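Observations on the three-dimensional arrangement
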Amino acid sequence: MTLRLGDTAPDFSQDSTEGKIDFYDFVGDSWAVLFSHPKDFTPVCTTELGYVGKLKPEFDKRNVKVLGLSVDPLSDHTQWVGDIEETQGHQFNFPLLADADRKVSDLYDMIHPNANDTLTVRSVFIIDPAKKVRLIITYPASTGRNFDEILRVIDSLQLTDGYKVATPVNWKDGDDVIIVPALSDEDAKERFPKGWVAHKPYLRVTPQPNK
């Protein structure tokens, strides 16, 4: 199946390095990042999973559960964890799904046959507490992901869910934001007491409201 933004993320049960994962129960009222990697014991994947372990406190601060996946068996995952910790210098501190039967990979369309008909590509899904898909990114096997960008998107999504704003190009937490065009100036005065700079009627820039 093909998932699109706004779709309900499919539920599943699958084995992992931390025991059986029932996805909806695992996520609970949190946000989630579900990401796949092509294969265990490979160099780019080793660096990615090590870096996600380093960022785990940042995900925790944002109420985000992280869940990795490949189609390798659980026994391979277990052996590989030691290599990740040894070479990357960070504790492996999140579950890694062993999707040997491709159940989750098929649900989330993580195998792209024209790239490789057996291995998962580097897919990333951000899923909100309502279990809605909020972001989908797919990278080729040869390119490691920028997980700092994943955190940036989570910051943007959580901010824009709470306020009538959007985040501009290259925005980072703490930067100015844009008042959504649908909000009238009159309503904006109540919501944004710090005021704004109107470059155009549709481009009103204001300080980040929760700072």
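Residues numbered from 1 in each chain as written. Predicted model: local features only at pLDDT ≥ 70, side-chain atom pairs only at ≥ 80, totals over all residues. Heavy atoms only, no water.

1. Some remarks on the UniProt feature "active site" (unreviewed entry) in the protein chain
UniProt feature "active site" (unreviewed entry): in the numbering of this structure it lies at Cys 45. Within the element layout of this structure, Cys 45 appears in helix α2 (residues 43-61). (UniProt positions renumbered as here; feature names shortened; annotations may be inferred. Helix = DSSP H or I, 4+ residues; strand = E, 2+ residues; numbered from the N terminus.)

2. Overview of the domain arrangement of the protein chain
Accessible area lost upon the coming together of the parts is a frequently used measure of interface size. Entries for the protein chain in the domain assignment read domain 1 (7-145) and domain 2 (163-206). Between the C-alpha centres of domain 1 and domain 2 the distance comes to 35 Å. (Domains from an automatic or database assignment.)

3. So, a negative patch on the surface
A contiguous patch of negative charge, built from Asp 15, Asp 101, Asp 106 and Asp 109, is present on the exposed surface. Along the chain, the position of Asp 106 falls in helix α4 (residues 103-107). The exposure class of Asp 106 is partly exposed, given its relative accessible area of 42%. (Patch = residues over 30% accessible without salt bridge, like charges linked within 9 Å, V, L, I, M, F, W, Y side chains within 5 Å. Areas by Shrake-Rupley, 256 points an atom, 1.4 Å probe, with all protein chains shown as cover. Salt bridge = Lys/Arg side-chain N within 4 Å of Asp/Glu carboxyl O. Lys, Arg positive; Asp, Glu negative; His and termini not counted. Charge placed at Lys NZ, Arg CZ, Asp CG, Glu CD. Buried < 20%, exposed > 50% of the residue type's maximum accessible area, 1.4 Å probe, protein only.)

4. Observations concerning helix α3 (residues 74-88)
Relative to the 21 Å expected for 15 residues at 1.5 Å per residue, α3 spans 21 Å between its end C-alpha atoms, a close match to the ideal helical length. Of all the bends in α3, the greatest, near 25°, is centred on Trp 80. Residues of α3 that are buried include every one of His 77, Trp 80, Val 81 and Ile 84, and no others. With its phi angle positive at about 75°, Gly 89 sits one or two positions after the end of α3. (Expected span 1.5 Å × (residues − 1). Bend = angle between axes of the 7 residues up to and from the residue.)

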